[in-house]
Amino acid sequence: MRIDKNETILGYKMTLIRDLLRRISSRIWTDEDIAAHFHIPLARAEQLADALIRRGLLTLKPDAEGNERDLVVTDLGQRLCAARFLKPIARSRADAIIADTLVRIEAINARDELVYRIAEAHVFGSYFRGEAEVSDVDLAVRLARRRPGSKLSEENMDRVRASGQVNLTFLRMLTFGSNEVLKLLRSGARHLHVTPWDVFEELGVPSRRIYPPLSEGDAGSGAGTGQGEVSGSDPTPGPRPRRGASSRRGLPNRGPSEPKDPRRPAAPNRPLPLRPAA
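On a predicted model such as this, the values are computed, not experimentally measured, just so you know.

Enquirer: Would you mind going over the packing of helix H5 (residues 91-109) against helix H8 (residues 176-186) in detail, with residue names and values included?
Expert: Relative orientation of the contacting elements H5 and H8 amounts to 145°, with a least axis distance of 9 Å. Along this stretch, H5 crosses H8, giving a crossing that reads as right-handed. Side by side, H5 and H8 meet where Thr101, Arg104, Ile105 and Ile108 of the first sit next to Val181, Leu184, Leu185 and Arg186 of the second. Of the residues in the contact of H5 with H8, the class split is 5 nonpolar, 1 polar and 2 charged.

Enquirer: Explain unusual backbone geometry residue by residue, including any values.
Expert: Between tyrosine 211 and the following residue, proline 212, the backbone shows a cis peptide bond with an omega angle of -10°. Mapped onto the elements of the fold, proline 212 is located in the segment after strand S10 (207-211). Residues other than glycine seldom take positive phi values, yet histidine 39 does so here, at roughly 60°. Within the fold, histidine 39 resides in the loop between helix H2 (31-38) and helix H3 (42-54).

Enquirer: Tell me about the packing of aromatic side chains, residues and numbers included.
Expert: The geometry of an aromatic ring pair comes down to the distance between the two centres and the angle between the two planes. One pass over the full model with this rule turns up 3 aromatic pairs. Note on tyrosine 12 and phenylalanine 38: the rings are 4.6 Å apart at their centroids and 50° apart in plane angle, and the pair reads as tilted. Note that tyrosine 12 is positioned in strand S2 (residues 12-13) and phenylalanine 38 in helix H2, a separation of 26 residues in sequence. As far as burial versus exposure is concerned, tyrosine 12 and phenylalanine 38 are alike and both buried. Centre to centre, the rings of tryptophan 197 and phenylalanine 200 are 5.0 Å apart; their planes meet at 55°, and the pair counts as tilted. Of this pair, tryptophan 197 and phenylalanine 200 both sit in helix H9 (residues 197-203), 3 residues apart, which is roughly one turn of that helix. Residue phenylalanine 200 is classed as buried on the basis of its relative accessible area of 0%. Taken together through their ring pairs, the aromatic side chains of Phe124, Trp197 and Phe200 make up a single cluster.

Thresholds applied
Within each chain, residues carry numbers counting from 1 in the order of the written sequence. Note on the predicted model: pLDDT of at least 70 is required for a residue's local features to be given, and 80 or more for side-chain atom pairs to be given and counted; whole-chain, interface and lining totals, by contrast, use all residues. The side-chain quantities take in all heavy atoms of the structure and omit both hydrogens and water. The convention used is that axes are lines fitted to C-alpha atoms, helices contributing only their stretch in contact, and that angles between N-to-C directions extend from 0 to 180 degrees. Runs of E in the DSSP output that reach at least two residues are strands. Runs of H or I that reach at least four are helices, and both are numbered from the N terminus. For a crossing to be left-handed, the near helix must be turned anticlockwise from the far one by less than a right angle; the clockwise case is right-handed. Contacts are assigned to residue pairs with any non-hydrogen atoms lying within 4.5 Å of each other. Amino acids are sorted into nonpolar (Ala, Val, Leu, Ile, Met, Phe, Trp, Tyr, Cys and Pro), charged (Asp, Glu, Lys and Arg) and polar (every other residue, Gly among them). Centre distance within 6.5 Å is the pairing criterion for rings of Phe, Tyr and Trp, where only the six-membered ring of Trp is used; planes under 30 degrees apart are then read as stacked, over 60 as edge-to-face, and the remainder as tilted. Burial classes: relative accessible area under 20% of the type maximum marks a residue as buried, over 50% as exposed, and values in between as partly exposed (1.4 Å probe, protein chains only).

Written out as structure tokens, the structure is:
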């Protein structure tokens with residue numbers, strides 16, 4: 001998603017708007033929560049929320065009860081959450097990033113000591129659309145456990161001990177296996193943006209599978225996932241949003257054992273004052 005970082009909404013730069021949406025994530029916020037986040041009057045927070053709704057970044061929860069407005073982040077808002085405002089790169093450089101990523105996928109899948117392997121990878125976004133310049137390479141990956149019959153928590157703890165990172169929180173330990181694979185896949189590539197599979201499915205955007213490589217007989221098959229493979233000249237929709245989709249949207253790198261977020265966050269704890277751009 002290409003956004004001008006100098007653009008403003010009601011005087012707030014897009015970097016601050018992005019940080020707000022990341023803070024909300026998949027939770028439900030109110031105008032009061034936004035007022036507390038920015039240290040602004042409630043009336044100003046309501047104006048900002050209305051502006052974000054008009055831009056398609058927030059929406060009102062349909063089944064909201066009571067006098068408070070329940071605000072949730074839209075799919076477009078989730079895409080803004082992932083924006084990093086990097087300088088666009090030429091497509092030839094993006095091609096090289098994809099080539100390097102495929103090499104890393106093969107290397108990851110060859111390491112049997114890891115908890116997960118990469119079962120599938122799709123490109124989407126500006127690179128998929130064939131644009132001459134892309135701000136980043138959007139890649140969605142589906143992970144699969146190598147040993148489904150084993151106890152996941154024990155496998156994750158074994159990897160924590162092997163890594164020597166013993167000062168992690170308990171939650172980080174429980175999700176260590178998936179996070180380890182995603183970190184190896186990124187490998188410091190600034191212009192590679194990796195999206196978890198559940199978030200990708202909810203976006204419902206056209207995509208093209210790059211791993212496993214498509215053979216001639218695979219075209220349009222979806223490789224057993226029920227999703228259409230696409231070409232640049234005949235785009236077929238990729239995964240579609242599901243009714244009653246998981247509330248985990250927008251929370252990257254979450255492992256299978258992580259608990260769900262509470263319905264409503266606690267009031268921000270002494271946030272730093274954020275001021276509109278001059």
